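# Descriptive structure summary
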Amino acid sequence: MGLAVYNSINLDIRFPPCCYKKLLSPAVVPYNNPNATVGVTPFTVADLEKCQPSLAKGLKELLQYEGDVEEDLCMTYQISYTEFGQVKTRILKPGGQDTPVTKENRKDFVQSYVDWLLNKSILNQFQAFYLGFHSVCASNALIVSIKTPTILIQIMIWVKWVQRREAVLNLSHLHL
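Since the model is a prediction, treat every value here as computed from it, not as a measurement. (Residues numbered from 1 in each chain as written. Predicted model: local features only at pLDDT ≥ 70, side-chain atom pairs only at ≥ 80, totals over all residues. Heavy atoms only, no water.)

### With respect to the pairing of strand β2 (residues 86-91)
For a regular strand, the rule is simple: side chains alternate between the two faces of the sheet. Two elements, strand β1 (residues 78-83) and β2, share 6 bridges in a ladder whose sense is antiparallel. Paired with Ile79 across the two strands is Arg90, which belongs to β2. Linkage of β1 to β2, two consecutive antiparallel strands, is achieved through a turn of 2 residues, within which Phe84 is found at a positive phi near 50°. (Pairing = 2+ DSSP bridges. Helix = DSSP H or I, 4+ residues; strand = E, 2+ residues; numbered from the N terminus.)

### As for the side chain of Thr102
Structurally, Thr102 is set in the loop between β2 and α6 (106-118). In this structure Thr102 comes out as buried when scored by relative accessible area, which is 14%. When sequence neighbours within four positions are dropped, the list of residues in contact with Thr102 reads Val69 and Glu70. (Buried < 20%, exposed > 50% of the residue type's maximum accessible area, 1.4 Å probe, protein only. Contact = heavy atoms within 4.5 Å.)

### Details of a negative patch on the surface
Together, Asp68, Glu70, Glu71, Asp72 and Glu104 make up a negatively charged patch on the protein surface. Assignment of secondary structure puts Asp68 in the loop between α4 (53-64) and α5 (69-73). Overall, the relative accessible area of 44% leaves Asp68 in the partly exposed class. (Patch = residues over 30% accessible without salt bridge, like charges linked within 9 Å, V, L, I, M, F, W, Y side chains within 5 Å. Areas by Shrake-Rupley, 256 points an atom, 1.4 Å probe, with all protein chains shown as cover. Salt bridge = Lys/Arg side-chain N within 4 Å of Asp/Glu carboxyl O. Lys, Arg positive; Asp, Glu negative; His and termini not counted. Charge placed at Lys NZ, Arg CZ, Asp CG, Glu CD.)

See the structure below:
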């Protein structure tokens, strides 16, 4: 993707907005620090909603639940998910398997879940993607000028528009 931006090449790939937000965290690769954590940023349920709307809806319902969260839902700080056909369980914080989700701590549970899903569960893979993108788009002037994920998305869309416009102009002499 970085090479495509650098060379003004259209990749018709649509990433969720949180991906672009991660690419800008931090906007410039930490100098001379190969162990720096990159691509980790705070996310909310609203961010999750753009890539996994049904899960976000369930988490919002948990936050708005009027009943006794601990007694009615019987949840702890662990989640289950399917990976390559196998059900896996992830504990979201130390001792989480024994920590009930209550009305008082449900916001923390939701935040822990969102952070695990959009940051921790893909940390190594996204760091490689981040470093690859930034190794090609290494111009500090370019990256520092991209202050928000929206601007990065607009750059990708602008590249696509320019390419389509050039294609139309190149065909205009054919008088079709």
